[in-house]
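# Report on the structure
Here's the letter readout for the chains.
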Amino acid sequence: MNSLFRIAFFCLVLGASGLSVSAQIGELHHNWAVGVNAGGIYNSVSFVPKVKQNPYWGYTGGVTARYISEKYFSLLCGVQAELNYVNRGWDENPEDIAYTYTRSMNYLEIPFMAHLAYGSNRFQGFLNVGPQFSFLLSEKEEYDGDIQSINRVGKFADNKIDYGIAGGIGMELKTSIGNFLLEGRYYFGLSDFYKNGKADPYSRSAHTTISVRLSYLIDITD
């Protein structure tokens, strides 16, 4: 696994800089592809102290740009960037307390990932991994019942910038009308949207997201 991440880091730097390497790595590709993506997500928030949660189902959609720069041994290697609108949040409905509470949080999401692919000219498996940054656009809450003891009511995010690590695996089908991709992706948030000082109620409040998304890309260069 460490070797895989070293290769991913190498590809990320290589694609971002546009520098070529020695001939033993393989032929240059210089393939640009652009398109759109959409999918569904399952989100939860890692609270410390813990908050009991139900599954929160949201959605995501946006645009994708991908650049394949090199063939690194048997792997196609490049970078992929996206600009997505994503709905995250959390949902509470504990059995032992008579209340319901839901928080919806809408983000502008920017993942920048190394892209590693292996396969034929028509069908490939791939891995995406890299950092992700998000900006909170809006949030709202809905609640009902006995909410007197819930310190989250009316407490909106202190930090609007979210960052973490995203990684996904998937498959790509290349056709004469474009490229179709199916991907499962995991995001682990490293930042807290609530202040986490000693006097604050939570020492951690970070997003964890699992998503399934479809993408459609068109090659604009070979």
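Just above, that's the structure.
In short, a report on the structure. Model, not experiment: these values are computed from the prediction.

Turning next to the overall build of the chain. Scanning the chain from N- to C-terminus turns up one helix and eight strands. Reading the secondary structure of the chain in the N-to-C direction produces α-β-β-β-β-β-β-β-β. A buried classification covers 45% of the 222 residues belonging to the chain. Accessible surface for the chain amounts to roughly 11500 Å². Of this, 62% is attributable to carbon and sulfur atoms.

Another point: the packing of aromatic side chains. Going through the model one piece at a time under the given rule, you end up with 12 aromatic pairs. Centre to centre, the rings of Tyr-101 and Tyr-143 are 6.3 Å apart; their planes meet at 15°, and the pair counts as stacked. One end of the pair, Tyr-101, is in strand β4 (residues 99–119); the other, Tyr-143, is in strand β5 (residues 123–145), and 42 residues separate them in sequence. Cluster of aromatic residues (ring-pair linked, three or more members): Phe-47, Trp-90, Tyr-101, Tyr-143, Phe-193, Tyr-194 and Tyr-202. For Arg-88, the ring lying beneath its charged end belongs to Tyr-107, and the centroid distance is 4.4 Å. Taking the ring centre of Tyr-194 as reference, the NZ or CZ of Lys-155 above it sits at 4.8 Å.

We now examine the nonpolar core. Taken as a class, soluble globular proteins show a tendency for nonpolar side chains to be buried jointly. Among the nonpolar cores identified, the biggest contains 17 residues, and Phe-47, Trp-90, Met-105, Tyr-107, Phe-193 and Tyr-194 are the most heavily contacted of them. Mapped onto this core, the elements with two or more residues apiece are β1 (28–48), β3 (75–92) and β4. Formed by seven residues, the second largest nonpolar core is a distinct cluster that contains Ala-33, Ile-68, Phe-126 and Leu-217.

Let's shift gears to the environment of Ser-69. Inspection of the secondary structure puts Ser-69 in strand β2 (residues 56–72). Sequence separation between Ser-69 and Trp-32 is 37 residues; the distance between their C-alpha atoms is 8.8 Å.

Basis of the calculations
Residues numbered from 1 in each chain as written. Predicted model: local features only at pLDDT ≥ 70, side-chain atom pairs only at ≥ 80, totals over all residues. Heavy atoms only, no water. Helix = DSSP H or I, 4+ residues; strand = E, 2+ residues; numbered from the N terminus. Buried < 20%, exposed > 50% of the residue type's maximum accessible area, 1.4 Å probe, protein only. Areas by Shrake-Rupley, 256 points an atom, 1.4 Å probe, with all protein chains shown as cover. Phe/Tyr/Trp six-rings, centres within 6.5 Å; stacked < 30°, edge-to-face > 60°. Lys NZ or Arg CZ within 6 Å of the ring centre and 35° of its normal. Core = buried A, V, L, I, M, F, W, Y, C linked by side-chain atoms within 4.5 Å.

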